[in-house]
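One-letter residues, chain by chain:
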Amino acid sequence: MSFAESSQNTTSGSLQANNKLGGTRKPVEPGQNAVKRLQTELMQLMTSPAPGVSAFPSADGNLLSWRATIEGPADTPYAGLTFKLSFEFPSNYPYAPPTVLFRTPIYHPNVDFSGRICLDILKDKWTAAYNTQTVLLSLQSLLGEPNNSSPLNGEAAELWDKDPALFKTKVMDRHKDIEDD
Amino acid sequence: MPPPNTPVDGTTTPQSTQPSQPAQSSQSSQSVSRPTSSIIMDASQVKTALVKMDYQAIDYVNPVDETLICPICRTAFHSPITTPCGHTFCAKCINRALERQRVCPIDRQPIDKTRDYRPIPLIIKEQLDRLEARCPNQGCDYVCARENLEAHYERHCEFTLVHCSKPSCDKLVARHLCSIEGQCMHEMTNCDFCLKPVAFVDLDAHWEQECEAAFATCPDCDASVSVVNNSMLKHIQQECPEAMAKCKWDGAGCRVTDKRRIVREHERNGCMYETVGRLLEQQAEDRRIIQDLTRRLASLEAVRDTRRRERRRDSAATINDRTATATAAGGSLTNPTTSTSTPADSTTWESPHNYMLAQFERLESHMEELREMVCEMDMRQSASFLHHSKQVADRFLELGDKVGVLSMHTKWLLNMQYMQRNAQLRAANAASLAAAAAGAGGAGLSGGSDGLNHGGESSSGAGSSSDSGLRYQGSRRGSEGRIENLTRL
């Protein structure tokens, strides 16, 4: 519950106060739903973690902002590498998708140089049944099977088929372990 | 930092609304939208919750099966529905998801929510109802089946938010905090320690988080410890590393008493008495187990004894039945009542049910005995009746005989008298006739000798009948013969 309380302090504290004063009497405010669902997800991730992926709320204690890691799948150019990502959940999560960014620099056809990801399930194909773990697993499989028909990084999309060796070099060049903030 | 709601509290005047309370109290339990009327006048009346229980906040005792978890909220289904594609969601969750996209969140099949929802099977509903759930209120550790949790939350839970006791205050307060009638928990009071104004309802939080005076420095370890509710005492007795403490194996004979920190170190390094202490613990545990087993054995033996007694009584009853029938035939009276009732009375009964059954059986066997006794008595009665009546009949016959003999005697005597008179008359006549004619006198003599012959026969018959009181057959025949003789006479 410490997460929830601190999140009230930062984001929805004023809203809570209004509620207390009897201004609006909505049974459950939207942010609360998201927080609750994220708590359940966190619980699930900790009790039954999926191999190769992990996620945890960021250090500032805001449950709507998470840090995640993906291990590069074997038999792909990303094998042996670890990628850090950031998740920003909207207050109407899970009805709206989280904003996911690669924080580790990555050379990939569907990821641009600022870490933005082009993945349909994070945009229009998002449904409320997705969760952090499924998103991470989808991203992990995206590493091995990029969608080269709609690339954010055209060069990478080209090299993926043409010159796997050069692609691998570019991946290793671009990859750089970052410090946690 | 004072809570955001404090300024409003200070300015409210409760007296203005007080007189209207009794009139409104009748509808207070239902009305949620009018906070001023929710004041409780009757202590037994229960304040209902103002905010519906949040099913997503429920914590379950056991992990809920994945099949019972809504894919959207990731908690156990609450009033679930099934889509035409066969997926199940909480009604609230799927409705909200469909506001964005009219497709199933699992397989993206189009859904028209006005038509396409189907009810879930009852078996799922029952599974959900039976989940052991904890009350979602913080501070409450009530656990029950989920179907009953809402009632607990809305009517009983001390931590559910209800209207403030003061009618003019429309804020919410945990039920256990609004116990004082008319006392607004949002009114300001002064903190006992820092003397700053704090609302009653926020006192606990204030002590825990803000109030610096509520914390004191432990005299031993220099740590800052709360002084609310004797926490300092608890700290010194149980936690403080610098306070004096005894070794954990004190009971086993260890005499080490030092600062808790050092004692803990001593315990970690292996107290000499640890083995003894563990043995003692083990022994205590064993003793408890033995006691438990003894108790269980005793109860089992009691049950076994009861069963055995019942069985014995049953068999006794059948034996009694048999002997009763046998003795009834023999005509002697037995008393099986005592043999059956004594074990029944001394038995301890497991349940009133069994007791009633046994009583019933006992009464039934009594009835059986009584019936047999009545039968027997009936037989004896009729036998003795027969016996007596036979004697009476014999007497009657004997008397009848005697009467016959007497009447015969009388007739014979009468006959004798008659004959004598006849003879005298005849003699007189004969004398007169002889005087008249000598031939007529010879005929009269022969008739007289004939009459004498008859009298001799009948007297011998009467003599034989008078001494045959027992051989009445013969005497009857005799008397018949006499009667014949008499009629012939």
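Values in this document were obtained by computation on a predicted structure and should not be read as measured data. (Residues numbered from 1 in each chain as written. Chains lettered and ligands numbered in written order. Predicted model: local features only at pLDDT ≥ 70, side-chain atom pairs only at ≥ 80, totals over all residues. Heavy atoms only, no water.)

Visitor: Residues and numbers for the overall build of chain A, please.
Guide: For chain A, the count of helices and strands is five helices and four strands. The order of α-helices and β-strands along chain A, N terminus first, is α-α-β-β-β-β-α-α-α. By residue count, 48% of the 181 residues in chain A fall in the buried class. Intrachain contacts of chain A at a sequence separation of at least 6 include 56% that bridge at least 24 residues. For chain A, the accessible area works out to roughly 8,700 Å², and carbon and sulfur atoms hold 54% of it. (Helix = DSSP H or I, 4+ residues; strand = E, 2+ residues; numbered from the N terminus. Buried < 20%, exposed > 50% of the residue type's maximum accessible area, 1.4 Å probe, protein only. Contact = heavy atoms within 4.5 Å. Areas by Shrake-Rupley, 256 points an atom, 1.4 Å probe, with all protein chains shown as cover.)

Visitor: If you had to explain the overall build of chain B to someone new, which residues and values would you point to?
Guide: What chain B contains, in helices and strands, is 13 helices and 14 strands. As displayed, chain B offers around 31,400 Å² of accessible surface, 57% of which is attributable to carbon and sulfur atoms.

Visitor: Break down the packing of aromatic side chains for me, with residues and values.
Guide: Residues and elements named next belong to chain A. Following the criterion strictly, the structure yields ten aromatic pairs over all chains and no others. Ring geometry for Trp66 and Phe89: centres 5.6 Å apart, planes at 75°, overall edge-to-face. Of the two residues, Trp66 sits in strand β2 (residues 65-71) while Phe89 sits in the loop between β3 (82-88) and β4 (99-102), which places them 23 residues apart along the sequence. An identical accessibility class is assigned to Trp66 and Phe89; each is buried. What links up through ring pairs into an aromatic cluster is the set Trp66, Phe87, Phe89, Tyr93, Trp126 and Tyr130. (Phe/Tyr/Trp six-rings, centres within 6.5 Å; stacked < 30°, edge-to-face > 60°.)

Visitor: Got a sec to walk through the UniProt feature "active site" (unreviewed entry) in chain A? Specific residues and values, please.
Guide: Under the local residue numbering, the UniProt record ascribes the feature "active site" (unreviewed entry) to A:Cys118. What A:Cys118 contacts, discounting residues up to four positions off in sequence, is A:Asn110, A:Lys123, A:Ser150 and A:Leu152. (UniProt positions renumbered as here; feature names shortened; annotations may be inferred.)

Visitor: Before we move on, can you summarise the confidence of the model for chain B with the specific residues and values?
Guide: Residues and elements named next belong to chain B. Summary statistics for chain B give a mean pLDDT of 74 and a share of 71% for residues scoring 70 or more. Mean pLDDT in chain B bottoms out at helix α1 (residues 6-11), which sits at 39, and peaks at strand β3 (residues 88-90), which reaches 90. A low-confidence stretch, residues 331-346 stays under pLDDT 50, and its non-local contacts, those more than four residues away or across chains, total 21 contacts. Quick note on the complex model: pTM equals 0.48, ipTM equals 0.71. (pLDDT = per-residue confidence, 0-100.)

Visitor: I'd like to hear about the pattern of salt bridges, residue by residue, with values.
Guide: Residues and elements named next belong to chain B. Enumeration according to the criterion identifies 23 salt bridges over all chains in this entry. The salt bridge involving Arg278 is made with Glu274; its shortest N-O contact spans 2.9 Å. Placement of the pair is Arg278 and Glu274 together in helix α9 (residues 274-330), with a separation of four residues, close to one helical turn. A relative accessible area of 43% places Arg278 in the partly exposed class. (Salt bridge = Lys/Arg side-chain N within 4 Å of Asp/Glu carboxyl O.)

Visitor: Explain the packing of helix α4 (residues 154-162) of chain A against helix α5 (residues 164-174) of chain A to me, and be specific about the residues and the numbers.
Guide: Residues and elements named next belong to chain A. Running from N to C, α4 and α5 cross one another at 135°; their axes reach a closest spacing of 6 Å. Here α5 runs oblique to α4, going by the angle between their axes. The residues of α5 that touch α4, namely those facing Glu155, Ala156, Leu159, Trp160, Asp161 and Lys162, are Pro164, Leu166, Phe167 and Lys170. Looking at side-chain class alone, the contact of α4 with α5 contains six nonpolar, no polar and four charged residues. (Axes fitted to C-alpha atoms, helices over the stretch in contact; angles between N-to-C directions. Parallel < 35°, antiparallel > 145°, perpendicular 65-115°, else oblique. Nonpolar A, V, L, I, M, F, W, Y, C, P; charged D, E, K, R; others polar.)

Visitor: Talk me through the sheet that holds strand β5 (residues 132-134) of chain B; I want residue IDs and the actual numbers.
Guide: Residues and elements named next belong to chain B. Strand order across the open sheet formed by three strands is β1-β5-β6, with antiparallel pairing between neighbours. The open sheet has two edge strands with one neighbour each: β1 (59-60) and β6 (143-145). Summarising the sheet, β1 and β5 pair through two bridges and their orientation is antiparallel. What sits directly across from Tyr60, in β5, is Ala133. On top of the sheet, helix α5 (residues 146-156) reaches β1, β5 and β6; it is set at about 125° to β6, its chief contact. (Pairing = 2+ DSSP bridges.)

Visitor: Mind laying out the nonpolar core, listing which residues take part and the relevant values?
Guide: Grouped together as the largest cluster of nonpolar side chains are 41 residues, with contacts concentrated most on A:Trp66, A:Leu85, A:Phe87, A:Ile117 and A:Leu139. Of all elements in the fold, only α2 (30-47), β1 (53-57), β2, β3, β4, α3 (132-144), α4 and α5 of chain A reach the threshold of two or more residues within this core. Among residues more than four places away in sequence, those in contact with A:Leu85 are A:Trp66, A:Arg67, A:Ala68, A:Thr69, A:Ile70, A:Val100, A:Leu101, A:Phe102, A:Arg103, A:Ile117, A:Leu136 and A:Leu139. If you look at the next biggest cluster of nonpolar residues, it comprises 33 residues, including B:Ile69, B:Phe77, B:Ala97 and B:Cys140. (Core = buried A, V, L, I, M, F, W, Y, C linked by side-chain atoms within 4.5 Å.)

Visitor: Kindly report on the state of the cysteines, identifying the contributing residues and their values.
Guide: Going through the model one piece at a time under the given rule, you end up with zero disulfides over all chains. You can see B:Cys90 has no disulfide; the closest cysteine sulfur is in B:Cys73, sitting 3.8 Å from it. (Disulfide = S-S within 2.5 Å.)

Visitor: Account for α5(B), naming residues and giving values.
Guide: Buried residues of α5(B): B:Arg146, B:Leu149, B:His152, B:Tyr153 and B:Glu154, and no others. Residues of α5(B) that are buried in the fold lie against β1, α4 (122-130), β5 and β6 of chain B.

Visitor: Please set out the pairing of β3(A) residue by residue, giving values where relevant.
Guide: For a regular strand, side chains alternate in direction, first toward one face of the sheet and then toward the other. All names here are of chain A. In this sheet, β3 lies alongside β2 in antiparallel orientation, the contact comprising seven bridges. Bridging across to β3, Glu71 finds its partner in Thr82. In this structure, β3 lies alongside β4, joined through four bridges in antiparallel fashion. Note on β4: the bridge partner recorded for Ser86 is Leu101.

Visitor: I'd like a description of the sheet that holds β3(B), backed by residues and values.
Guide: Residue and element names in this part refer to chain B. Ordered in space as β3-β2-β4, the three strands form an open sheet in which the pairing is antiparallel. At either end of the open sheet lies a strand with only one pairing partner, and these are β3 and β4 (118-119). Sheet analysis places strand β2 (residues 80-82) next to β4, joined by two bridges and oriented antiparallel. Residue pairing for β4: Ile81 is matched across the bridge by Pro119.

Visitor: Outline the UniProt feature "domain: RING-type" (unreviewed entry) in chain B, listing residues and values.
Guide: Under the present numbering, the feature "domain: RING-type" (unreviewed entry) in UniProt falls on residues 70-108 of chain B. Each end of residues 70-108 of chain B is marked by a C-alpha atom, and these two atoms are 16 Å apart; helix forms 26% of the span and strand 15%.

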